[in-house]
Every structure is written in structure tokens, then in C-alpha cells.
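# A structural walkthrough
What follows is the residue order along each chain.
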Amino acid sequence: MNKIYYIKNININRQKWDDCVSNSVNSRVYGLSWYLDIVCKNWDGIVIDDYEIVFPVIFKKIFFLKKLYHPLFCQQLGFFYKNEKKITKDFIYSFHDKILRSYYKNFTYHSTSEFFILSKKTLSENLINDLSVIKRNNFQLNLNRSYEEISKGYNKNTIRNLKKSKNYNFKIINNLEVDLFMNLFKTNNQIKKSIGRNFFFKKTNYLIIRNLITECLKKNKGELIGVCDEVGVTVSAAFFLSSFNHKIMLFNITLPNSKKSHSMTYLIDSFIKINSNKKIIFDFEGSNIKGVKNFYSGFGSKNNPYFLVKSN
């Protein structure tokens, strides 16, 4: 019998929590305590046994009520578990139906791909039907090959755009300044619109982005890379978060009037070239938007989907 505890944030043993996430079958940087502290104002944890399984509970306070939600800039959460043998049919059913519903009538979270694939093997159809499960795209590229081999997987459109980009005499800027990146990031209204589809966009979102980048750089877990044109203007930039043998392109931006030069294609290709022949997974982080999906898959990346889970 598993012992299940709902632990308030202040009482969570962060060392044990982070050890569970780091050594789990489905480890993700999003589940680490320091990352959660930045992306959400309020979070508690459901802990099974002695931190053998953990489940972050992210909530908003609305008067005297708590509403469960999935935070921005935090692609995959849900369960993190060290031993998949513990993820049995009875455990999954009792957790969703008896535990999670006892605290929150309605809940939403993004499950990691490993957890949901395992769940589908153990769940009854009744429980599947009791939850809304929506597949979300996540494109990844294995860099454990030579650049020549990787670039053979580029599609015709990517190859054509890369050739065009080389007519602009672009240069790569390593260690781009955070202020410069944030100023560039704020120029793109498409990001506001994209976030606005699911969240009310607030100026504090920019502060979260800045704090995430700053903390990752402080921990040597990321790099800010830019592309400048021949007169020294930064036209594209991206932040790559390094964690668990993954390089996650967490944020990227191109000046609206510079998209025809394909500077982002140039940036990503340069990043792939530098990191080729390494045991690294380049994680593009989605998306379900057709144009973005086609752009990411154009580099030969493969879809490793995660799942949005909602209570009906």
C-alpha cells in the first residue's frame, strides 16, 4: 500500500523532491523545485512514500478557492517516478479519482510522454474515458551524429532558406546580454497573441522569462545566442536551457522585419553544427501551430508528444 501525502510548499523537503525528479524515469527540468518557484506563485506537492513519486500541484487562489492550472514556460509536469513498477492501474485510478478529485473537482496538467505511454498500458478504458487526454507536439533532434549526417535530414524548404540566409553575412553572438534579449523579445506581438490563447497576458510574464534566464545562466544551465547582421543589429536570438542531456530552446525571437532573411534558420543550424557529435537531445519544445510545427520538423526532428490531461 502506497502512503500518499499532500505537503504544503513550506514543508516540502526540496533535496528529496529534486532527487526524485532528477533520478526519475521521466526526469524534466520543469519539475525541479527552483524552476517551479520561478514559473508559478503557488505550488504544493503530492508525495508518495518517501519521495519515490512526486506530483507538483500548481494552483491559483481565487478568493477562498484554489484552482489547479498548468503554468506558462513549463511544458511537461505530472508524475515524476523512480520506479515504473509502482505506476500500476490501481495506483493511477485511485490517484486521479480518490486523491486529486478530493482536493480539486477539476484539474489540468501536462503529462510527460513516458508517463502517459505507461498509463495507457495499465489504465482501464473507463478511466481513459473519464479524462480528456489531448496529444501535444514536441519536436526533438538527436545530435549524437556528425553535422553532415544530421543536415541530410533537413527538408528542401529548410535547405533553401539556409542558403538564402548566407547572403546576409550574419554572425553568431555568444553570451548575448539578457537586457538585449528581453528588449528584442518584447518587440514581437505574436508571442503575446500565442500566450493569450490560453492565458491572460501580463507584463509579469516578461519578469518570469527574465528570472528564468538569469537563474539558468547563474546555474550554468543555459546559453543566450544571437544573430547580428552586417551592421551589428541583433535580428534573432534564442535561449537554450541545458538539463538532463537536453538542450531546450525555451525562448526564441526574430525581429518582425527580419523574417525574410531566415536568420532563425541560420541560428538553429549553427547551434546544431556546434553541438553535433554530442550525446544531446535538441528539444524544440513543440508546437501545434502548423507553421511552427513545419519549421521545427524541417530540421529532421521527430515528434515525441506529451499529453494534456483534463478531468471531465
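### Points about the layout of surface pockets
- If you add up the space inside the second largest pocket, you get close to 530 Å³.
- Residue lining of the second largest pocket: 21 residues in total, with Lys60, Tyr69, Lys202, Thr204 and Ile208 positioned closest to the centre.
- Counting only elements with at least two residues in the lining of the second largest pocket, the list comes to helix H2 (33-39), strand E3 (53-62) and helix H10 (204-218).
- Among the residues forming the lining of the second largest pocket, the class breakdown is 13 nonpolar, three polar and five charged.

### A word on the sheet that holds strand E15 (residues 306-311)
- Spatial ordering of the open sheet is given by E6-E15-E7, a layout of three strands whose pairing is antiparallel. For this open sheet the edge positions go to strand E6 (108-111) and strand E7 (131-136), each flanked by a neighbour on one side alone. When strand polarity is set aside, the average angle formed by the axes of neighbouring strands in this sheet is 20°.

### Quick word on the packing of helix H8 (residues 178-185) against H10
- As a packed pair, H8 and H10 sit with axes 11 Å apart at the nearest point and diverge in direction by 150°. Relative to H10, the element H8 is oriented roughly antiparallel. Note on packing geometry: the crossing formed by H8 with H10 is right-handed. Taken together, the residues of H10 that come into contact with H8 (itself represented by Val178, Asp179, Phe181, Met182 and Phe185) are Tyr206, Ile209, Arg210, Ile213, Thr214 and Leu217.

### Thoughts on the nonpolar core
- Within the largest apolar cluster, 71 residues are counted, with the highest numbers of intra-cluster contacts made by Tyr35, Phe181, Phe251, Ile272 and Phe282.
- For Phe251, the residues in contact, after removing those within four places along its chain, are Phe73, Phe181, Phe185, Ile209, Leu212, Ile213, Ala237, Ala238 and Phe239.
- Counting residues in hydrophobic clusters, the runner-up holds 19 residues, among them Phe59, Leu68, Tyr81 and Phe91.

### Regarding the sheet that holds strand E12 (residues 246-254)
- Read across the sheet, seven strands follow the order E9-E10-E11-E12-E13-E8-E14 without closing on themselves; strand pairing throughout is mixed. The sheet terminates laterally at strand E9 (171-174) and strand E14 (302-303), the two strands that pair on one side only.
- Where strand E11 (residues 234-243) and E12 come together, eight bridges link them in antiparallel fashion. What sits directly across from Leu241, in E12, is Ile248.
- Along the sheet face, H8 touches strand E10 (222-228), E11 and E12 and points at about 115° away from the line of E11.

### Quick notes on the pairing of strand E8 (residues 139-142)
- Sheet topology note: the E8/E14 ladder contains two bridges and is antiparallel. Looking at the pairing, Gln140 lines up with Lys302 of E14.

The rules behind the values
Along each chain, residues carry numbers from 1 onward, in the same order as the chain's sequence is written. pLDDT decides what is reported in this predicted model: residues at 70 or higher carry local features, side-chain atom pairs at 80 or more are listed and counted, and totals for whole chains, interfaces and linings draw on all residues regardless. In computing side-chain properties, one takes all heavy atoms of the structure into account and sets aside hydrogens as well as water. In the cavity and pocket records, a cavity denotes points on a 1 Å grid over the protein atoms alone where a 1.4 Å probe fits but cannot get out, a pocket denotes an open set with protein on both sides within 12 Å along at least 5 of 7 lines, and lining residues are residues with an atom within 4 Å of a point. Grid points are joined across faces, edges and corners, and a volume is the space filled by probe spheres set on the points. By definition, any uninterrupted DSSP run of H or I lasting at least four residues is a helix, any uninterrupted run of E lasting at least two residues is a strand, and each is numbered from the N terminus. Classification convention: Asp, Glu, Lys, Arg as charged; Ala, Val, Leu, Ile, Met, Phe, Trp, Tyr, Cys, Pro as nonpolar; all other residues, Gly among them, as polar. DSSP-based pairing: two strands are paired if at least 2 bridges between them are found. In this description, a line fitted to the C-alpha atoms serves as the axis of each element, helices being fitted only across the stretch in contact, and the angle between N-to-C directions of two axes falls anywhere from 0 to 180 degrees. Working rule for angles: under 35 degrees goes down as roughly parallel, over 145 as roughly antiparallel, 65 to 115 as roughly perpendicular, anything else as oblique. Put simply, a crossing is left-handed when the front helix is turned counterclockwise from the back one by less than a right angle, and right-handed when it is turned clockwise. What makes two residues a contact is simply this: any of their non-hydrogen atoms within 4.5 Å. In this text, buried Ala, Val, Leu, Ile, Met, Phe, Trp, Tyr and Cys residues form a nonpolar core when linked through side-chain atoms within 4.5 Å. Remark: exposure states derive from per-residue accessible area (1.4 Å probe, protein chains only) relative to the maximum for the residue type, with buried under 20%, exposed over 50%, and partly exposed in between.

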